[in-house]
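Descriptive analysis of the structure
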Amino acid sequence: MSMERLCECVEESKTTICCNDGRQNEYCSNDHHQCQQPRNDDHHHSCLVVEHTDSMAGRYLVTSREARAGNLLLRESPVAMGPRATSSLICLGCHEAILGTEFPRCPVCWWPLCSAACASSSLHQAECPVLAADTSRIGQPKVTGSTPRYDIILVLRCLLLRDRNPLAWHRFLDMASHAERRMEEKEQHHMATVRYIKEILKVDYTLEDIHHARGAIITNCFEWRSPSGISLRGVYPLLGRMNHSCRPTVAVSSDCKGSMFVRAAVDLQPGDQLYITYTDTLEPLWERRAYTTSTHFFSCDCVRCRDPTELGLHYSSPKCELCDQQFLEPRNWLGEVTWECPLCGTQQTQQQVQLEVEQWLEHFDSDDTFLHTSPYAVRNIMDKVEEVFHPHHYVWVKAAHVALRTLLENHTTKALDLKRHLWHRLLYIYNVLEPGLTKRRGATLYELGVAEAEMARAEKRAEVVTDHFFKLQLQQALCHLQEAVLILSQEPPRSRDLRWYTHALDAATRVAQDLGVDLATDPALRVVLSNDDHLLHESAQNA
Ligand SMILES: C[S@@+](CC[C@H](N)C(=O)[O-])C[C@H]1O[C@@H](n2cnc3c(N)ncnc32)[C@H](O)[C@@H]1O
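One structure accompanies this document, and this report is about it. (Residues numbered from 1 in each chain as written. Predicted model: local features only at pLDDT ≥ 70, side-chain atom pairs only at ≥ 80, totals over all residues. Heavy atoms only, no water.)

What follows deals with the sheet that holds strand β10 (residues 250–254). The strand order β5-β11-β10 describes an open sheet built from 3 strands, whose pairing is antiparallel. Two strands lie at the open edges of the sheet, namely β5 (72–76) and β10, each paired on one side alone. Recorded for the sheet is a direction-independent mean angle of 15° between the axes of neighbouring strands. Sheet topology note: the β10/strand β11 (residues 260–264) ladder contains 5 bridges and is antiparallel. Residue serine 253 lies in a different strand from β11, and its bridge partner there is phenylalanine 261. (Pairing = 2+ DSSP bridges. Helix = DSSP H or I, 4+ residues; strand = E, 2+ residues; numbered from the N terminus. Axes fitted to C-alpha atoms, helices over the stretch in contact; angles between N-to-C directions.)

Written as C-alpha cells, this is what we have:
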C-alpha cells in the first residue's frame, strides 16, 4: 500500500485534467493562468487522473496510469460549504450546534447564532446583508429541531462566489446541475429555495443561475462531519467529475475541515474509471434506481445493475416459490420492471417484490422482534429470513445488523459465536459490493476480528479448546484486525473516523500480545505504525 501524495492541484484542458505533485492546495487550470501554481516539466508524468467525456455519461475521471489500492488520487477543499438542506439549528458563524430554545440571533439578518460574536465571523459576513433583505422574517428558522430552511444557505454561498472568488465561480458554473430539467419538473423543495432567493431576498442573479446553483449542489455535493459531529456539505468542482457505480472503485474520506481525499480502493489499470456511489451500496436495486433516475436523471447501467444476479448475490431478488434454490431476476420492459424465474418463468411485479420486503422490514422495526432474545432465538429469526430470501439478500443484511445490535452487550460463547458468524457473512457480501480498501470493509474486519478474539478467549477460559486451537483462532483474528488497521489508517489526519483506526489498533495489539508477536514485523503495518504518532496526535486534537 503506497502513500503517494498526488493531485493537490489540477489543470484542466478540453479533455484532460492533469494533476501535479504540488504541495500547495490551489488549483491551476487553463482558465486561470493567473493562478499561482507554476507548471513544470514533470507535471504530466506525475498526473494520475485525467478527464474523459462521452455522450451518455458526460465528463468522468479515469486513471492515466496504474494505481495501486490505497494510492491517493485526488485531494480537494470545498469552494463553498454550509449546512445540509435539512438541518437542526446550527450557527452560521461557526457551524456549531445551537442547543436549547434560548439562543442569540444575528442583529442584522436575524438568523440563529451560538453567540453574539459569531455575527461578525468571516463565514457569515458576505451572506448576512443578503439574508437581511427578508425583513418579514419568513425564511429564518424559528423553532428548535430539524428544518429545511437551511437549504438556502449553501445555495446563497455558492452564488456569492461570483463576486468573492470569480475563479471558483467559473468552475462552479461548469458543474453538472440538470438545471433545465429541474426547472421543468418544478420539484417542491427546489422551487421553494429558488423562489425565496429570487423573490424574497431579491438577489441580482438570473433565475437560471439560481436554478443552476441549487441543481449543482444536489448533483455534486459531498457531506462530512465537523469536529463536534455536525453534518455539513460542500461543493468540490473536481470531485464532482466522478461518475456513479453501484460498485465503487475509489474510497472517499474527509477531514473535519471538509477536505476530501480520494484513494483507489482496488488496483486500477490505466483508463479505469474513478467510480463513487451516489446512493448506498446496501440499498436494493429499486431504491438505487429510484434515486439515480429522480435526482440524477440517468438509469444506472453499472456492472452490478447490468447483472440480473447482482454479481451473484441475488441481493434484491425474491426466491422462486416453485423451483428449489432459484431466484427471480429483473426484466426491464419499456421502463417497467417485472421479476421472473429464469427456470420456470414464474413472475412477480415490482410492487409485490417491494411489498414483501417492506413487510419484513416493518417486522424488525415495529415489534421488538429481536429485543431481549437469546442467541438461540436470534439465530432462529435469521434462519426464518433465509427460508424466504437468499442468504445474501438485502433483508438478510438488515436483519443481521439488527441482530448484531441486539447482541452487542452479550458476551456468552453462544452470542460470540453468532456474532462471528454474522460478521463473517457480512464481510463476504461487502467484499463483492465494496471491494478493496473501503471503510465498510475496514469496520467489518475490525468487528469480525474482535468477535473472533473474544470467542477464542472465552473458550480458553471455559477450557473447551486446546492451546493449539486457541492460537489458531487468535491468528485468524489478528489477520482480520491487521487488515482493518491498514484500511482504517487511511483516514486523513483530522478525520473523526480515525477513532476506528485507534480501536482496531488497540484490539490488534492485545491479540498480538496474547500471541507473543510484534505487530511491526508486518512490513505494511510497520509503515502505518511509523506514521501513528502523527495520525493520533492530530485526531486527538480534533476529537
Ligand atoms: C457529479 S456529476 C458527475 C460528472 C458529470 N458526468 C459531468 O459531466 O459533470 C453527476 C452527473 O453525472 C451523470 N452521471 C453520473 N454517473 C453516471 C452514470 N453511471 N451513467 C450516466 N450518467 C452518469 C449524471 O448526469 C449525474 O447527475
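Interhelical geometry of helix α4 (residues 151–159) versus helix α8 (residues 188–200) gives an angle of 55° and a closest axis separation of 10 Å. It follows from the interaxial angle that α4 and α8 lie oblique. Handedness of the α4/α8 crossing: right-handed. In this structure, α4 uses Asp151, Ile152, Val155, Leu156 and Leu159 to contact α8, whose residues at the interface are His189, Thr193, Tyr196 and Ile197. Of the residues assigned to the contact of α4 with α8, the class counts are 6 nonpolar, 2 polar and 1 charged. (Parallel < 35°, antiparallel > 145°, perpendicular 65-115°, else oblique. Left-handed = near helix turned anticlockwise from the far one by under 90°. Contact = heavy atoms within 4.5 Å. Nonpolar A, V, L, I, M, F, W, Y, C, P; charged D, E, K, R; others polar.)

For the rest of this paragraph, the subject is the site of the ligand. Near the ligand, the surroundings consist of 16 residues, among which Ala57, Arg59, His178, Asn243 and His296 are the closest. Take asparagine 243: an N or O atom from its side chain is 3.0 Å from a nitrogen atom of the ligand. Between the ligand and histidine 296, the relevant distance is 2.8 Å, taken from an oxygen atom to a side-chain nitrogen or oxygen of the residue. Protein contacts shield 88% of the accessible area of the ligand, which totals 560 Å² for the unbound molecule. The set of elements that each furnish at least two residues to the shell around the ligand consists of β4 (58–63), α9 (207–220) and β9 (243–244). When the residues that make up the shell around the ligand are grouped by side-chain class, the tally is 6 nonpolar, 8 polar and 2 charged. (Near = heavy atom within 4 Å. Polar contact = N/O pair within 3.5 Å; in protein donor to acceptor, adjacent residues only side chain to side chain. Areas by Shrake-Rupley, 256 points an atom, 1.4 Å probe, with all protein chains shown as cover.)

So, about the pattern of salt bridges. Evaluation of the coordinates by the stated rule reveals 26 salt bridges. For arginine 181, the salt bridge is made with glutamate 185, and the minimal N-O distance between the two is 3.4 Å. Of this pair, arginine 181 and glutamate 185 are both found in helix α7 (residues 179–185), 4 residues apart, which corresponds to roughly one turn of the helix. Since its relative accessible area comes to 39%, arginine 181 is described here as partly exposed. A salt bridge links aspartate 417 to arginine 420; its shortest N-O distance comes to 2.8 Å. Highlighted residues: aspartate 417 and arginine 420, both in helix α15 (residues 413–433), separated by 3 residues, approximately one helical turn. (Salt bridge = Lys/Arg side-chain N within 4 Å of Asp/Glu carboxyl O. Buried < 20%, exposed > 50% of the residue type's maximum accessible area, 1.4 Å probe, protein only.)

Read from one edge of the open sheet, 3 strands run β6-β8-β7, paired in antiparallel fashion. Each edge of the open sheet carries a strand with a single partner, namely β6 (80–83) and β7 (222–225). If you compare each strand with its neighbour and ignore which way they point, the axes differ by 35° on average. Both β7 and strand β8 (residues 231–235) contribute to a ladder of 4 bridges, which runs antiparallel. From the neighbouring strand, arginine 225 faces β8, where its bridge partner is serine 231.

Let's shift gears to the environment of arginine 494. Here arginine 494 lies in the loop between α17 (467–488) and α18 (498–515). When the C-alpha atoms of arginine 494 and serine 259 are compared, they prove to be 9.8 Å apart, with 235 residues separating the residues in sequence.

Now for the environment of glutamine 326. Relative to the helices and strands, glutamine 326 resides in the loop between α11 (303–306) and β13 (329–333). Glutamine 326 sits in the partly exposed class, given a relative accessible area of 22%. Placed 47 residues apart in sequence, glutamine 326 and threonine 279 show a C-alpha to C-alpha distance of 28 Å. For glutamine 326, the residues in contact, after removing those within four places along its chain, are Lys319, Cys320, Cys341, Pro342 and Leu343.

This paragraph deals with the state of the cysteines. Applying the stated criterion to the full structure yields 0 disulfides. Free of any disulfide, cysteine 246 has its nearest neighbouring cysteine sulfur in cysteine 305, separated by 3.6 Å. Exposure remark for cysteine 246: the relative accessible area of 1% places this residue in the buried category. (Disulfide = S-S within 2.5 Å.)

On the surface, a cluster of negative charge is made up of Glu287, Glu358, Glu362 and Asp365. Counting residues per element, the negative patch draws most heavily on helix α12 (residues 350–365), at 3 residues. Tracing the chain through its elements places glutamate 358 in helix α12. (Patch = residues over 30% accessible without salt bridge, like charges linked within 9 Å, V, L, I, M, F, W, Y side chains within 5 Å. Lys, Arg positive; Asp, Glu negative; His and termini not counted. Charge placed at Lys NZ, Arg CZ, Asp CG, Glu CD.)

These results come straight from atomic positions and should not be treated as a statement about function.
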